[in-house]
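These are the residues of each chain, in order.
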Amino acid sequence: MVTMRSGAQVRFPVAENPGLARGTEKQLNNIEISPFGLHWPDFDEDLSVPGILKGDHGQHQKRPANQ
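Residues numbered from 1 in each chain as written. Predicted model: local features only at pLDDT ≥ 70, side-chain atom pairs only at ≥ 80, totals over all residues. Heavy atoms only, no water.

Draft legend 1. Representation of the overall build of the chain within the structure. When helices and strands are tallied, the chain shows 2 helices and 5 strands. The secondary structure elements of the chain, listed N-terminal to C-terminal, are β-β-α-β-β-β-α. Taking contacts inside the chain between residues at least 6 apart in sequence as the whole, the part at least 24 apart equals 34%. In the structure as shown, the chain presents an accessible area of about 5,200 Å², 51% of it carried by carbon and sulfur atoms. (Helix = DSSP H or I, 4+ residues; strand = E, 2+ residues; numbered from the N terminus. Contact = heavy atoms within 4.5 Å. Areas by Shrake-Rupley, 256 points an atom, 1.4 Å probe, with all protein chains shown as cover.)

Draft legend 2. Fine view of the sheet that holds strand E3 (residues 32-34). What the 3 strands build is an open sheet, ordered E3-E4-E5; its pairing is antiparallel. Looking at the sheet topology across the chains shown, the edges are occupied by E3 and strand E5 (45-47). Taking each pair of neighbouring strands and ignoring which way they run, the sheet shows an average axis angle of 25°. Where E3 meets strand E4 (residues 37-40), 3 bridges bridge the pair, whose relative direction is antiparallel. Bridging across to E4, Ser34 finds its partner in Gly37. (Pairing = 2+ DSSP bridges. Axes fitted to C-alpha atoms, helices over the stretch in contact; angles between N-to-C directions.)

This is the structure we're talking about:
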């Protein structure tokens, strides 16, 4: 769960994200916030807040550009 300045809370099921699902509580709480969204440096995982709100929790594997 991430609480925004407005007080709005953004939640998503970490278990749906293959990279984050194996994380410890300490790793999951190590979040960097940028103008573009959320970044977990321990996993090199990025999620945008608009994406999370649309239901994209990083659950789909990204394919390399050459495939």
